[in-house]
Amino acid sequence: MTSRGLVGLDIDGTILLQDETLSPGVVEAVAEVRDAGYDVMLATGRSWSGTQRYVELLELTSEYVVCSNGAVTMRREGDGWERWHVEVFDPKPVLSLLRDRLPEARYMVELASGQRLYTALMDNWTLGDGREVSFEELASNPVSRVVVVSPQHDEADFQRLVAEAGLNEVSYAIGWTAWLDIAPQGVDKGTALARVSELLGTASDTVLVAGDGRNDVGMFAWALAGGGRAVAMGQAPDEVRDAAGEMTGHVDEGGLATALRTLL
């Protein structure tokens, strides 16, 4: 069956509530849209290890998954998955700059292989085969993402830091749990979805994407530029709402299910 369109969904704050339970009605709505012929895929800031369970839980059949804010695209290969497209950058300059300003922060990087290296453990990090290393080793290899967590700082502090540090050599997003997620320059969920969409031959005006964070703005812009739809969740910050073409309800109220059913 020819796909009726591409649906790209954020995870945290879109599919999931803050306690990591599913937003009301999401499982049923995703199944309805998938069974109606749409290619439903996840587009998340999470690494693949923190994403795969939701592909399985939602019984998604799409061939692709966008992870790490667009730096990693996974593709089905037989009964498993392969790291089909990976973008990397040299993390040393940005890590050195951030360490000067946030010496007490905890840092993690994701290598091209998917392995995570970190300077100190964090309870909510999915580390898999991760390894604790020195700061110097952390900065010594090309990476697909850098994550910075400083518990004593909030989102406003991170925004000020980004402005003061002049982080214009890499792309960054401030997560809803107030951490800084840094990707290669010019890479975001939108660039990855564009690559997948071109490969699949998806008509640009049949695209719908949904999210709630600043790291979703790139995929909103991509969808809207092609005549598709970009939906912001009800709890999204003003700048994210302004970037979207429309808004749905709060994640706690099943806003994603409501948006998805407009496709039926």
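Because the structure is a prediction, the values reported are computed rather than measured.

**Q** Outline the packing of helix 3 (residues 92-101) against helix 5 (residues 155-165), listing residues and values.
**A** Packing of helix 3 against helix 5 brings their axes to within 11 Å, and their N-to-C directions diverge by 120 degrees. In terms of their interaxial angle, helix 3 and helix 5 are classed as oblique. At the point where helix 3 passes helix 5, the crossing takes the right-handed sense. Residues Leu97, Leu98 and Arg101 of helix 3 pack against Leu161, Glu164 and Ala165 of helix 5. Grouping the constituent residues of the contact of helix 3 with helix 5 by class yields four nonpolar, no polar and two charged.

**Q** Kindly report on the environment of Ala210, identifying the contributing residues and their values.
**A** Inspection of the secondary structure puts Ala210 in strand 12 (residues 208-211). Judged by its relative accessible area of 0%, Ala210 falls in the buried class. It is 5.2 Å that separates the C-alpha atoms of Ala210 and Leu9, two residues lying 201 residues apart in sequence. Every residue in contact with Ala210, bar those within four places of it in the chain, is listed here: Gly8, Leu9, Asp10, Thr14, Met219, Phe220, Val231 and Leu256.

**Q** Outline the layout of surface pockets, listing residues and values.
**A** There is about 180 Å³ of room inside the second largest pocket. Surrounding the second largest pocket, 14 residues form its lining, Ser171, Tyr172, Val187, Asp188 and Asn215 being those nearest its centre. When residues in the lining of the second largest pocket are grouped by element, the largest group, three residues, is from strand 10 (residues 171-174). Of the residues belonging to the lining of the second largest pocket, the class tally is five nonpolar, five polar and four charged.

**Q** Just give me the short version of the sheet that holds strand 3 (residues 64-67), but keep the residues and values in it.
**A** In spatial order, the strands read 3-4-5; together these three strands make up an open sheet with antiparallel pairing. Edge positions in the open sheet fall to strand 3 and strand 5 (80-86), since each of these has one partner strand only. Between one strand axis and the next, the sheet turns through 30 degrees on average, direction left out of account. Both strand 4 (residues 72-77) and strand 5 contribute to a ladder of six bridges, which runs antiparallel. Note on strand 5: the bridge partner recorded for Arg75 is Glu82. Here helix 6 (residues 189-200) sits on the sheet and contacts strand 3, strand 4 and strand 5; the angle it forms with strand 3, its principal contact strand, is near 165 degrees.

Cut-offs used in this document
- Residues numbered from 1 in each chain as written.
- Predicted model: local features only at pLDDT ≥ 70, side-chain atom pairs only at ≥ 80, totals over all residues.
- Heavy atoms only, no water.
- Axes fitted to C-alpha atoms, helices over the stretch in contact; angles between N-to-C directions.
- Helix = DSSP H or I, 4+ residues; strand = E, 2+ residues; numbered from the N terminus.
- Parallel < 35°, antiparallel > 145°, perpendicular 65-115°, else oblique.
- Left-handed = near helix turned anticlockwise from the far one by under 90°.
- Contact = heavy atoms within 4.5 Å.
- Nonpolar A, V, L, I, M, F, W, Y, C, P; charged D, E, K, R; others polar.
- Buried < 20%, exposed > 50% of the residue type's maximum accessible area, 1.4 Å probe, protein only.
- 1 Å grid on protein atoms, 1.4 Å probe; cavity = no way out; pocket = protein on both sides within 12 Å on 5 of 7 lines; lining within 4 Å.
- Points joined across faces, edges and corners; volume = space filled by probe spheres on them.
- Pairing = 2+ DSSP bridges.

Honestly, that's just the spatial picture; any functional story needs more than this.
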